Amino acid sequence: MGIHNRMTSPFGISHPFTLLMYYTALFSCIFIFRNPVFILFLFIACCLMAIYYAGADSFFKSMKWIALIGVAVLVLNALLVHRGSTVLFFLFKNPVTKEALIYGVYNMLMLMSVMATFISFNVLLDSPKFLYLFSGILPKLSFVFDMALRYIPLFRKRASDLAAVRSVNSDREHMTFIQKIKTYGIYLKALTAWNLEEGMETALSLKVKNYGTHNKVHYAKYRCTLRDIFLSSVFVLFTLFVFIAAISEHTGFTYYPVTDSVNIKDFGIVLFITMISVIYLPFITEGIAYVKRGFIKLWLQKR
Amino acid sequence: MASKALISIKNMGFTYENYAMGKTVNKVALTDINLDIYEGEILLIMGPSGCGKTTLLRSLKKEAVPYGISTGKVESATDSSKISIVFSNPETQLVTTTVLSDLALTMENLGYDAYTQKKRMSETVSYFGIEDILHRHPDTLSGGQKQIVSLCSQLMVHPEILLLDEPISQLDPISALEFTDILRRLNEEIGITIVMTEHRPDDVISLANRVVYMEDSRILFQGQSREVLKKLWETGKERVRDFLPVVSKCSLLIDKERPACITSKELNFMVRDYLPIKKAQKENDDISFKMSEEKTVRIRELFFAYTKEKYAIRNLDLDVCKGEFLCIMGSNGSGKTTLLKIMSGILKPHIGRIKASFGKIQYMPQELNLFFTEDTVYEQMSFKEMDKDLYLSLVEELNLKDILYKHPYDLSSGEQQKAVLACMLLRKPDFILLDEPTKSMDPSLKRVISRLLKQSGATIVCATHDLEFAAKYADRCVMMFNGEIAYSMDARNFFKENRYYTTSVNRAFGRIDTDMVLYEDVENAFGGTV
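**Quick look at the packing of helix α7 (residues 139-169) of chain A against helix α8 (residues 177-208) of chain A**
All names here are of chain A. Taken N-terminus to C-terminus, the directions of α7 and α8 make an angle of 140 degrees; their axes are 11 Å apart at the nearest point. Between α7 and α8, the angle is such that the two are oblique. When you trace α7 past α8, the crossing you get is right-handed. In this structure, α7 contributes Phe143, Met147, Tyr151, Phe155, Arg158, Ala159, Leu162, Ala163 and Arg166 to the contact, and α8 contributes Tyr187, Leu188, Leu191, Trp194, Asn195, Glu198, Thr202 and Leu206. When grouped by side-chain class, the residues that make up the contact of α7 with α8 number 12 nonpolar, two polar and three charged.

**A look at the interface of chain A and chain B**
Counting from both sides, the interface comprises 45 residues of chain A and, opposite them, 56 residues of chain B. Note on chain A versus chain B: buried area summed over both sides is about 4600 Å², and carbon and sulfur give 55% of it. When the buried surface of chain A facing chain B is broken down by residue, Arg150, Lys209 and Tyr219 of chain A rank first, second and third, together holding 19% of it. Counting the contacts that link chain A with chain B gives three salt bridges. With a closest N to O distance of 3.5 Å, lysine 189 of chain A and aspartate 375 of chain B form a salt bridge.

**Observations regarding the pairing of strand β15 (residues 431-435) of chain B**
Residue and element names in this part refer to chain B. Along β15, five of the five residues are buried, which leaves the element largely enclosed by surrounding structure. On β15, burial covers both faces: Phe431, Leu433 and Asp435 on one face and Ile432 and Leu434 on the other are all buried. Strand direction decides the pairing type here: strand β14 (residues 361-364) and β15, joined by four bridges, are parallel. Residue pairing in the sheet places methionine 364 in a bridge with leucine 434 of β15. With five bridges connecting them, β15 and strand β16 (residues 459-463) associate as parallel partners. Within β16, the residue paired with leucine 434 across the bridge is cysteine 462. Between β15 and its parallel partner β16, the chain crosses via helix α14 (residues 443-456), and the hand of that crossover is right-handed.

**What to know about a nonpolar patch on the surface**
Judged by side-chain polarity, Val71, Val75, Leu76, Leu79, Leu80, Leu88, Phe89, Leu91, Phe92 and Leu101 of chain A come together as a nonpolar surface patch covering roughly 940 Å² of accessible area. Its place among the elements puts leucine 79 of chain A in helix α4 (residues 56-80).

**Notes on the packing of aromatic side chains**
Across all of its chains, the model carries 43 aromatic pairs over all chains by this definition. For the pair phenylalanine 11 of chain A and tyrosine 22 of chain A, a centre-to-centre distance of 5.0 Å together with 70 degrees between the ring planes defines the contact as edge-to-face. Pair noted here: phenylalanine 11 of chain A is in the loop between α1 (2-8) and α2 (16-32) and tyrosine 22 of chain A is in helix α2, with a separation of 11 residues, a long-range link. The pair formed by phenylalanine 11 of chain A and tyrosine 22 of chain A is uniform in burial state, with each residue classed as buried. Above the ring of tryptophan 233 of chain B, the side-chain terminus of arginine 241 of chain B is found at 3.6 Å from the ring centroid. The ring of tyrosine 519 of chain B is capped by lysine 249 of chain B, whose NZ or CZ atom sits 4.5 Å from the centre of that ring.

**A few points about the environment of methionine 156 of chain B**
Residue and element names in this part refer to chain B. Tracing the sequence through the fold places methionine 156 in the loop between α4 (143-155) and β6 (161-165). Sequence separation between methionine 156 and glutamate 123 is 33 residues; the distance between their C-alpha atoms is 9.0 Å. With residues near it in sequence (within four places) discarded, methionine 156 still touches Leu103, Met107, Tyr112, Arg120, Met121 and Thr124.

**Section: the environment of arginine 226 of chain B**
Residue and element names in this part refer to chain B. By the secondary structure assignment, arginine 226 is in helix α6 (residues 225-234). Owing to a relative accessible area of 31%, arginine 226 belongs among the partly exposed residues under this scheme. If we ignore the near neighbours within four places in the chain, the residues touching arginine 226 are Pro259, Ala260, Cys261, Ile262 and Glu266.

**Points about α14 of chain B**
All names here are of chain B. Taking 1.5 Å per residue as the helical rise, α14 with its 14 residues ought to reach 20 Å, and the 20 Å between its terminal C-alpha atoms agrees with that figure. Every buried residue of α14 is accounted for by Leu445, Lys446, Val448, Ile449, Ser450, Leu452 and Leu453. Looking at the buried positions of α14, the neighbouring elements they touch are β12 (325-329), α12 (388-397), α13 (413-426), β15, β16 and α15 (467-473). Positive phi appears at glycine 457, one or two residues downstream of α14, with a value of about 75 degrees.

**A few points about the sheet that holds strand β7 (residues 193-197) of chain B**
All names here are of chain B. The strand order β5-β6-β7-β3-β8-β9 describes an open sheet built from six strands, whose pairing is mixed. Every interior strand has two partners, whereas the edge strands, β5 (83-86) and β9 (218-224), have only one. When strand polarity is set aside, the average angle formed by the axes of neighbouring strands in this sheet is 15 degrees. Note: strand β8 (residues 210-215) against β9, six bridges, orientation antiparallel. Note on β9: the bridge partner recorded for valine 211 is glycine 223.

**A look at the sheet that holds strand β11 (residues 313-321) of chain B**
All names here are of chain B. Spatially, three strands are ordered β11-β10-β13 in an open sheet, and the strand pairing comes out antiparallel. In this open sheet, the two edge strands, each paired with only one partner strand, are β11 and β13 (351-356). Mean inter-strand twist for the sheet, computed between neighbouring axes without regard to direction, equals 5 degrees. For strand β10 (residues 295-304) and β13, the ladder comprises five bridges, and the chain directions are antiparallel. Bridging from a neighbouring strand, isoleucine 299 pairs with isoleucine 354 of β13. The strands touched by helix α10 (residues 336-344) are β10, β11 and β13; relative to β11, the strand with the most contacts, the crossing angle is about 60 degrees.

What counts, and at which threshold
Residues numbered from 1 in each chain as written. Chains lettered and ligands numbered in written order. Predicted model: local features only at pLDDT ≥ 70, side-chain atom pairs only at ≥ 80, totals over all residues. Heavy atoms only, no water. Axes fitted to C-alpha atoms, helices over the stretch in contact; angles between N-to-C directions. Helix = DSSP H or I, 4+ residues; strand = E, 2+ residues; numbered from the N terminus. Parallel < 35°, antiparallel > 145°, perpendicular 65-115°, else oblique. Left-handed = near helix turned anticlockwise from the far one by under 90°. Contact = heavy atoms within 4.5 Å. Nonpolar A, V, L, I, M, F, W, Y, C, P; charged D, E, K, R; others polar. Buried area = accessible area lost by both parts, 1.4 Å probe. Salt bridge = Lys/Arg side-chain N within 4 Å of Asp/Glu carboxyl O. Buried < 20%, exposed > 50% of the residue type's maximum accessible area, 1.4 Å probe, protein only. Pairing = 2+ DSSP bridges. Right-handed = clockwise from strand over helix to strand, strands pointing away. Patch = residues over 30% accessible without salt bridge, like charges linked within 9 Å, V, L, I, M, F, W, Y side chains within 5 Å. Areas by Shrake-Rupley, 256 points an atom, 1.4 Å probe, with all protein chains shown as cover. Phe/Tyr/Trp six-rings, centres within 6.5 Å; stacked < 30°, edge-to-face > 60°. Lys NZ or Arg CZ within 6 Å of the ring centre and 35° of its normal. Expected span 1.5 Å × (residues − 1).

All quantities given are derived from atomic positions and should not be read as evidence of function.
Have a look at this one:
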């Protein structure tokens, strides 16, 4: 599901800059809004994004660890922080307060939102798109980074293959700890020599491809459309709006000693509605496309 | 065809300067080279490994000239930016994380504007039909696809001359054919001049207009393909004749007065004039291997999958008899390597049983660098209880003396194969697994290696694409197809009954006499007419 959605959904195929702006807006919201209700809706958005673009399998695989860390934060905050005026009960003569518990929930949701966001971030803004964004500013570094990205998994695969082949061909059946360390040292030496040797060939192949002879002009892989300009503007303006709201102290929330009411009032309602409509925009665009596809299907059937 | 000389080499020499133990040790790579490269031709440079063909090729492009002392003159009518070069190792030529980025790299480096880049990319990709792989990671491509991507990335800059350094030596025969088809199109449709080196000329000889044969840093013969092939035959030396494509060898054996054949079809037509074929002097059917009752490996209902979507091996039954030489044949991705890895214990079957009864096992992977962990071939070979006599005889037979104290990565592929085999045989295994052992191996070396393998008395299982090798040396061949064993037969009958997947001799003689499988059969039948 994930791969299909990120290849075909109207938001998934946006220009990398649009995607970067969306994630800037999302991260700004997560770090600036302190109201638990805001954070809850942000967390839901992050999870939906992850499921929709990375696939349920990959989401639940990562979520096991994310949830574990989140719960640990909640429990630790409730047990270790004794601020707050409403004592729920005593544990080992230490008070556990309602405020600490609520603050723990906020912290848990914030942390889980950040980590869940990275699941979709990694697939939507994958390394080619990420490098594309930064190659203009740091061309050499981004190229080296791209080569490293290719090289690391290759090195890992070679290391495991080498160990497997040596384990079949080696005479020794049982090795002591010291022998094992020595053997791994030898493998590492061999792999390093191999990669250095290949590095020379790669250098030659880059040389014949005229690397470093002219100013590099990057291949325009992504086209910036009107839609991208519109979406990026929405995300940039929204991020500015959130920052201004933060500076004018409209995004705060008091946890200690007494928790504020979670009810959203006055300017909070404006903030909340804007946030929902911007952060859930990928799903709105997807919904519009879905309805359009449905109509086209109906129209074709009628014809 | 040939009109003007694009590159003219006059009295060229080249010496590598090596420093070993504080001393300069020079190695002559090229001596007295005189060669013209004409517009629109395909020139094939062949010869044994280490004869200087790669040095010669690299000397044709300014950016690729190796470090060393060069003498003589290379006059080029073409700008260096219009000369492109592709090397033999597909692994080292792709450097980024997507095929698209790699394809664009040369254009980006040359600073082409965005419009030109997009235009050239779209037309090149469409011409070669590689849209499907554009967004894939280079590591997920097959060797052949990687080589095609390397070639396309060079073609983006519209070269006039294409230099190819053993472009198909690392590829399996099917990928090699795909690659040579592309070269043919480039030459015939676009008119690009192609210069390539190759020591396995069977797949590329039909492409070449002219052939250069080199030995010991000198050009021995150069001229039109068929003429050079004939000259090679006339030397009478088996070592030189081994470089002839099998079909050419057969045709010259049958009648050396006629021009050498370069395709199976030509040989087929030629042979009709010499009918009826004499019965082979040696009765080949009697030499079939007697299967031992004892089984080294017994596999039943084996399933294995790398991903959730597809089983790489499914419902496979196989018995490997003690002492037999079994070849596993089949196309890429049919599960040959997986089966070897399961037999070696590197992979565990998901479903099914394996009963193995052998003492010592040795496994030769397809990527030979995975085998080496020491700094010299000698260190890699030696171990505590080493049999000194066997060591000496292996060094002698495989001619390892010169490479014993070299680093394994500094060796050519053929030399690496020899070294690996020596390491394996020294450990006196009773079960040997070989994955593509003959890739980039000279015919004479194949002979020695198969003899040594048979002498060792071990049970041998070998996954290979090399049909001639399997037909000549295997006791039994099995065909893997779609993750299972499609059929199993003794090697001769395996090829005798095949129409497409068979040796080039059998393809040529197939409709006349299916008994002809190997060059030796032709030699037996026609030996008298020479």
